[in-house]
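# Working through the structure, step by step
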Amino acid sequence: MRSMVLKMSYLSRTVTDMISPKLMQDRVQAVEVDDGAVHRMANEIRAIARRQGRSLSEESWSDPLFWNVNDSRSDRCQYLALGNAINFRFWSLRGQTVVPAVGEIAGEQLRGAMYMWRRLRLAVQREELTLVADDLAGIDEVTFRKAFLDDAGHLPLSEGISDRVENIKNLGLTLARAWDGSWANVVDAAGGSLNRFAVLSATFRAFDDPVQKLTMLNAIMLQGSGLTKFDRAPLPAIDYHLVKQATRQGLVNVRGPIAAKLRDGQLLSRAESDLLRMAVRQALVDTAANAEVSTAVLDNIYWLNRRVCADTTPDCDACPFRADCAKKVEFGLPLEVTRYY
């Protein structure tokens with residue numbers, strides 16, 4: 001095992017540039033990547049590829065029910081930036097119970113991000129929202145609520161609504177002022193550099209997360225959709241589901257208050273969450289390197305497994321990682337009130 005303080009890089013900066021000496025010491029005591037578990041899980045990833053009889057590939061994000069795949073490149077880039085600006089916190093707490101964001105569209109129950117993308121697609125088609133930067137800059141909560149109501153008149157995205165609206169407004173305003181209204185111009189200004197894309201993205205409120213979940217998800221979707229090509233694979237987009245699976249698998253060993261909060265369903269502090277997510281990101285980067293798959297592909301494998309490794313009732317027998325998973329199912333969904341994931 002090893003402390004991530006010494007090993008992990010953050011694009012052009014190191015983690016030690018970002019966190020205080022006390023937090024670094026806390027991290028040594030509380031969070032470690034288990035190199036043995038990383039190697040074992042990499043073997044599982046290779047086995048998954050062999051069972052499928054083909055190389056693992058990136059998701060193409062090509063379902064027209066969720067993404068505007070037939071629109072211009074500019075509109076497709078704009079749509080992904082808009083959706084990812086609000087792609088966070090799909091749960092609420094009722095007492096000690098985590099309640100997922102679920103809504104019904106055309107008789108189908110959709111959950112979390114998939115509800116958001118499906119409803120965003122309809123909102124743009126129905127002109128309840130537009131992709132025009134000036135219009136996004138002027139959005140208010142009334143407009144947002146109308147755009148994201150489900151068929152029963154409920155708003156599954158009510159949690160964090162003020163942050164979602166502020167992210168959209170800032171996205172529109174910054175694009176209008178600095179980028180001729182188009183996210184495609186941000187993508188092109190990066191010139192294929194993932195690092196440059198991350199730096200430019202961080203000038204927007206929606207994408208200023210130090211662990212870059214939404215920035216990397218946006219990069220994964222842009223590249224998978226064929227809208228750009230980066231000089232290296234985007235890093236995993238570290239959200240609740242990836243952290244949950246990595247801690248259950250033992251890729252990251254946690255101790256002390258962080259472990260107790262994961263077991264008891266208590267809210268993590270911002271500092272605790274950042275430390276945990278950074279360690280998980282490094283563990284998954286190492287796993288991808290050992291498995292010889294791209295980090296974007298690995299991100300998708302874990303995302304697709306989120307329902308199998310369910311928050312409260314994981315189906316370990318059906319899990320593709322079951323052979324080498326530590327099965328620490330006492331760890332639940334990592335909870336933080338945040339606009340980052």
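Residues numbered from 1 in each chain as written. Predicted model: local features only at pLDDT ≥ 70, side-chain atom pairs only at ≥ 80, totals over all residues. Heavy atoms only, no water.

### Topic: the state of the cysteines
For the coordinates displayed, the defined rule picks out zero disulfides. We note that cysteine 316 lacks a disulfide partner, and the nearest cysteine sulfur, in cysteine 325, lies 6.3 Å from it. Exposure remark for cysteine 316: the relative accessible area of 25% places this residue in the partly exposed category. (Disulfide = S-S within 2.5 Å. Buried < 20%, exposed > 50% of the residue type's maximum accessible area, 1.4 Å probe, protein only.)

### Description of the pairing of strand β4 (residues 91-94)
Looking at chain direction, β4 and strand β5 (residues 97-100) are connected through four bridges and run antiparallel. Considered in β5, the bridge of arginine 94 is made with threonine 97. The antiparallel hairpin formed by β4 and β5 contains two residues in its connecting segment, where glycine 95 sits at a positive phi of about 70°. (Pairing = 2+ DSSP bridges. Helix = DSSP H or I, 4+ residues; strand = E, 2+ residues; numbered from the N terminus.)

### Quick word on unusual backbone geometry
Backbone geometry at alanine 106 places phi at a positive 50°, although glycine is not the residue there. In this structure, alanine 106 sits in the loop between β6 (102-105) and β7 (108-111). By relative accessible area, which is 70% here, alanine 106 ends up exposed. Positive phi outside glycine occurs at glutamate 127, with the angle close to 65°. Mapped onto the elements of the fold, glutamate 127 is located in the loop between α5 (112-125) and α6 (133-137). A relative accessible area of 67% places glutamate 127 in the exposed class.

### Details of the pattern of salt bridges
Summed over all chains, the structure comprises 13 salt bridges. One salt bridge connects arginine 89 with glutamate 159, and the closest N-O pair in it is separated by 3.6 Å. Taken together, the residues arginine 89 in the loop between α4 (73-85) and β4 and glutamate 159 in the loop between α7 (141-148) and α8 (161-178) connect sequence positions 70 residues apart. Aspartate 163 is the partner of arginine 205 in a salt bridge, and the nearest nitrogen-oxygen pair spans 2.8 Å. Residue arginine 205 is located in the loop between α10 (194-201) and α11 (213-224), and its partner aspartate 163 is located in helix α8; the two are separated by 42 residues in the primary sequence. Arginine 205 sits in the partly exposed class, given a relative accessible area of 23%. One connected set of salt bridges, linked through shared partners, spans Asp209, Arg270, Asp274 and Arg277. (Salt bridge = Lys/Arg side-chain N within 4 Å of Asp/Glu carboxyl O.)

### Some words on the pairing of β7
Two faces, one strand: in a regular strand the side chains alternate between the faces of the sheet. Here β6 runs beside β7; their pairing, made up of four bridges, is antiparallel. When the bridges of β7 are listed, glycine 103 appears paired with leucine 110. If you look at the hairpin formed by β6 and β7, you'll find two residues sitting between the two strands, and alanine 106 has a positive phi there, around 50°.

### Notes on the packing of aromatic side chains
Within this structure, the stated rule accounts for twelve aromatic pairs. On the numbers, 5.5 Å between centres and 40° between planes, the contact of phenylalanine 66 with tryptophan 67 is tilted. Classification of tryptophan 67 by relative accessible area gives buried; the value is 7%. The aromatic ring of phenylalanine 88 is capped on one face by arginine 164, whose charged end is 4.6 Å from the ring centroid. Sitting over the face of the ring of tryptophan 303, arginine 306 holds its NZ or CZ atom 3.6 Å from the ring centroid. (Phe/Tyr/Trp six-rings, centres within 6.5 Å; stacked < 30°, edge-to-face > 60°. Lys NZ or Arg CZ within 6 Å of the ring centre and 35° of its normal.)

### Topic: the packing of α4 against α11
Orientation of α4 relative to α11, taken along the N-to-C sense of each, is 150°, at an axis distance of 10 Å. By the criterion of interaxial angle, the relationship of α4 to α11 is roughly antiparallel. Relative to α11, the crossing made by α4 is right-handed. In this structure, α4 contributes Cys77, Leu80, Ala81 and Asn84 to the contact, and α11 contributes Leu214, Leu217, Asn218, Met221 and Leu222. Residue classes in the contact of α4 with α11 are distributed as seven nonpolar, two polar and no charged. (Axes fitted to C-alpha atoms, helices over the stretch in contact; angles between N-to-C directions. Parallel < 35°, antiparallel > 145°, perpendicular 65-115°, else oblique. Left-handed = near helix turned anticlockwise from the far one by under 90°. Contact = heavy atoms within 4.5 Å. Nonpolar A, V, L, I, M, F, W, Y, C, P; charged D, E, K, R; others polar.)

### Brief notes about a positive patch on the surface
On the surface, a cluster of positive charge is contributed by Arg50, Arg51, Arg322 and Lys327. Within the fold, arginine 51 resides in helix α3 (residues 35-52). On the basis of relative accessibility, which here comes to 55%, the residue arginine 51 falls in the exposed class. (Patch = residues over 30% accessible without salt bridge, like charges linked within 9 Å, V, L, I, M, F, W, Y side chains within 5 Å. Areas by Shrake-Rupley, 256 points an atom, 1.4 Å probe, with all protein chains shown as cover. Lys, Arg positive; Asp, Glu negative; His and termini not counted. Charge placed at Lys NZ, Arg CZ, Asp CG, Glu CD.)

### Quick look at the side chain of asparagine 167
Tracing the sequence through the fold places asparagine 167 in helix α8. Apart from residues no more than four positions distant in its own chain, asparagine 167 is found in contact with Ala85, Phe88, Arg205, Ala206 and Arg339.

### Observations regarding the confidence of the model for the protein chain
Of all residues in the protein chain, 91% have pLDDT values of 70 or greater, and the mean over the chain is 91. Under a pLDDT of 50 for its full length, residues 3-25 has, in the predicted model, 42 contacts with residues more than four places off or in other chains. (pLDDT = per-residue confidence, 0-100.)

### Some remarks on the packing of helix α14 (residues 270-291) against helix α15 (residues 295-304)
Where α14 meets α15, the closest approach of the two axes is 9 Å, and the angle between their N-to-C directions is 110°. Relative to α15, the element α14 is oriented roughly perpendicular. The crossing of α14 and α15 is right-handed. In contact with Leu284, Val285, Thr287 and Ala288 of α14, α15 contributes Thr295, Leu298 and Tyr302. Residues of the contact of α14 with α15, tallied by class, amount to five nonpolar, two polar and no charged.

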